[in-house]
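# Remarks on the overall topology
Listed here are the chains, written in short residue letters.
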Amino acid sequence: MKYSAEIPYGAYWSTPFARWQGSFSNLHSIEFAAHVARHELGRRNIDPAILDYGVLGFSVPQKHAFYGLPWLTGLIGAPRAGGPTMMQACATGVRTLLAAVQEVDAGLASVALAINCDRTSNGPHLYYPNPRAPGGTGSAENWVMDNFGCDPLGGHSMLQTAENVAARHGVTTAQQHEVVLRREQQYAQALENDAAFLKRFMSLPFDVPSADFRKTVATLDGDEGVVRSSAESLARLKPVAAGGTITYGGQTHPADGNAAIIVTTAARARELSRDPAIAVRLHGFGLARAELAYMPEATIPAARNALAQAGRGIADIDAVKTHNPFAVNDLVFARETGADLMHMNNYGCSLVWGHPQAPMGTRAIIELIEELALRGGGFGLFAGCAAGDTAMSVVLEVGDAHA
């Protein structure tokens, strides 16, 4: 099928991603996303007042997050735009995009903003009161660290889900490290010619604001905290878990940042597009859930569901992006779907530039669009797993607006 809503070409953006406890570690993620959105809308000569719907995604709450999307749109000068706040861990980027597309397709909105932000740095430490407990003592939670380390349904860590999948599919440490080196090589392409690829959707150098957003305290030339590996350095690493296969080099790092995509009608997309001759159309979405404690496998049925809705096969796809918190994700995805392991994730992926959860998928989708535009058009697939052994996927097309 084809959805009627479209993404205006170029009407999207992402900050650089900064490794946690880095340059964005003390910026309120929702206020920061609004600060960036005001700037990026201005650069594109898009009046925020035209927005009549929005959906905000995050996975790490911040102070006053109760007010969610209406607070953010109020901050950017879009007082008519209301909408929900959503949370689906690392699948949030696809989830918020689908919500925006559905709203426009239903005729309930004309110009929607899907905006996602997260700050894994300095996540909240929560106390849940229980006056009836012995001594009146409640329970506490370190939102980021405790949830990385334990799925309450099975008591296992996210790392364990990757080890389970590696064991089931016979994936070795050496194979994972080979993928890491290839992904870093692909990311290096995005840095060529003074980061020309990144500058297609990212303002660089990027001005890092102070916590009160009144001044610039630093500038970033690109993503902060990206590791450069070598075969020798990776070979020296031992698996994180005893008897396992996954090293620190074979997994991503937590990060901070935000990203956004505008969704609108086909006619309005021409008006808001950086190049009215280019159309970005949505053809399919997919949701799936894998067996308990096998999270990396969930992208496979999610991608198949999106492809089925789009009426396409993997052979019809010109570019593939995945969320790969572990290198094992890509190995298994390629084996099971037939995707080309060494040519998926061109120009970068979360394995390299980091894992700020909600905006991660949004940035990957943006990069997918730009890769297809550089190719002269075609079909693209993004798939990303998420906490709870779930995943979401999207199939989109970059093509001639008049076709």
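Predicted, not measured: the structure shown is a model, and the values here were computed from it.

Scoring rules and cut-offs
For every chain, the first residue of the written sequence is number 1, and numbering continues from 1 onward in sequence order. Restriction of local features to residues with pLDDT of at least 70 applies here, the model being predicted, together with a cutoff of 80 or more for giving and counting side-chain atom pairs; totals for whole chains, interfaces and linings are based on all residues. Note: side-chain values were computed over all heavy atoms of the structure, leaving out hydrogens and water. Strands here mean DSSP runs of E at least two residues long; helices mean DSSP runs of H or I at least four residues long; both are numbered from the N terminus. Each residue carries a pLDDT score, the predictor's own confidence in it, on a scale running from 0 to 100. Whether two aromatic rings pair depends on their centres lying within 6.5 Å, for rings of Phe, Tyr and Trp, where Trp uses its six-membered ring; planes under 30 degrees apart make the pair stacked, over 60 edge-to-face, and the rest tilted. Each residue gets one of three labels from its accessible area relative to the maximum for its type: buried under 20%, exposed over 50%, partly exposed in between, using a 1.4 Å probe on protein chains only. Angles shown run from 0 to 180 degrees and are taken between the N-to-C directions of axes, each axis being a line fitted to C-alpha atoms and, for helices, limited to the stretch in contact. When an angle is under 35 degrees it counts as roughly parallel; over 145 it counts as roughly antiparallel; between 65 and 115 it counts as roughly perpendicular; any other value is oblique. Should any heavy atoms of two residues lie within 4.5 Å, those residues are considered in contact. Note on residue classes: Ala, Val, Leu, Ile, Met, Phe, Trp, Tyr, Cys and Pro are nonpolar, Asp, Glu, Lys and Arg are charged, and everything else, Gly too, is polar. Both site types are read off a 1 Å grid over the protein atoms alone. A 1.4 Å probe that fits but cannot get out defines a cavity, while an open set with protein on both sides within 12 Å along at least five of seven lines defines a pocket; lining residues have an atom within 4 Å of a point. Grid points are joined across faces, edges and corners, and a volume is the space filled by probe spheres set on the points. Criterion for a disulfide: a pair of cysteine sulfur atoms within 2.5 Å.

### As for unusual backbone geometry
- Looking along the chain, the bond that leaves L204 and enters P205 is cis, with omega of -5°.
- Take P205: it is sitting in the loop between α6 (173-195) and β9 (206-209).
- In the Ramachandran plot, H64 falls in the positive-phi region, its phi being about 70° despite a non-glycine side chain.
- Take H64: it is sitting in the loop between β4 (53-57) and α2 (68-76).
- Positive phi outside glycine occurs at A195, with the angle close to 60°.
- Tracing the backbone shows A195 in helix α6.

### Quick notes on the confidence of the model for the protein
- Considering every residue of the protein, the mean pLDDT works out to 97; 100% of them sit at 70 or more.
- When mean pLDDT is compared element by element in the protein, strand β2 (residues 12-14) scores highest at 99, while helix α4 (residues 143-149) scores lowest at 93.

### Observations regarding the packing of aromatic side chains
- Applying the stated criterion across every chain yields a total of nine aromatic pairs.
- For the ring pair F32 and F206, a centre distance of 6.2 Å and an interplane angle of 75° mean the geometry is edge-to-face. Of the two residues, F32 is situated in helix α1 (residues 29-43) and F206 in strand β9; the sequence distance between them amounts to 174 residues. Side by side, F32 and F206 carry an identical accessibility label, which is buried.
- Geometrically, the ring pair formed by F66 and Y67 is edge-to-face, given 5.3 Å between the ring centres and 80° between the ring planes. Considered together, F66 and Y67 belong to a single accessibility category, that of exposed residues.

### Brief notes about the packing of α6 against helix α10 (residues 327-337)
- With their axes 8 Å apart at the nearest point, α6 and α10 run at an angle of 95° to one another. Classified by the angle between their axes, α6 and α10 sit roughly perpendicular to one another. Residues Q175, Q176, V179, V180 and R183 of α6 pack against A327, V328, D330, L331 and R335 of α10.
- Residues of the contact of α6 with α10, tallied by class, amount to five nonpolar, two polar and three charged.

### Comments concerning the layout of surface pockets
- Its boundaries defined by the atoms lining it, the largest pocket holds a volume of some 480 Å³.
- Lining the largest pocket we find 23 residues, and of these F148, Q251, T252, P254 and F326 sit closest to its centre.
- Breaking the lining of the largest pocket down by element, the ones donating at least two residues are α4, α5 (158-169) and β14 (378-386).
- If one sorts the elements of the lining of the largest pocket by residue count, α4 sits on top with three residues.
- Looking at the lining of the largest pocket residue by residue, the classes come out as 16 nonpolar, seven polar and no charged.
- Computed from the structure, the second largest pocket encloses a volume of approximately 380 Å³.
- If you trace the second largest pocket, you find 22 residues lining it, with A89, N147, F148, M158 and A387 closest to the centre.

### Regarding the state of the cysteines
- Taken as a whole and judged by the stated rule, the model has zero disulfides.
- C117 forms no disulfide, and the closest cysteine sulfur to it belongs to C90, at a distance of 14 Å.
- Of all cysteine sulfurs, the one in C90 lies closest to C150, which takes part in no disulfide; the gap is 17 Å.

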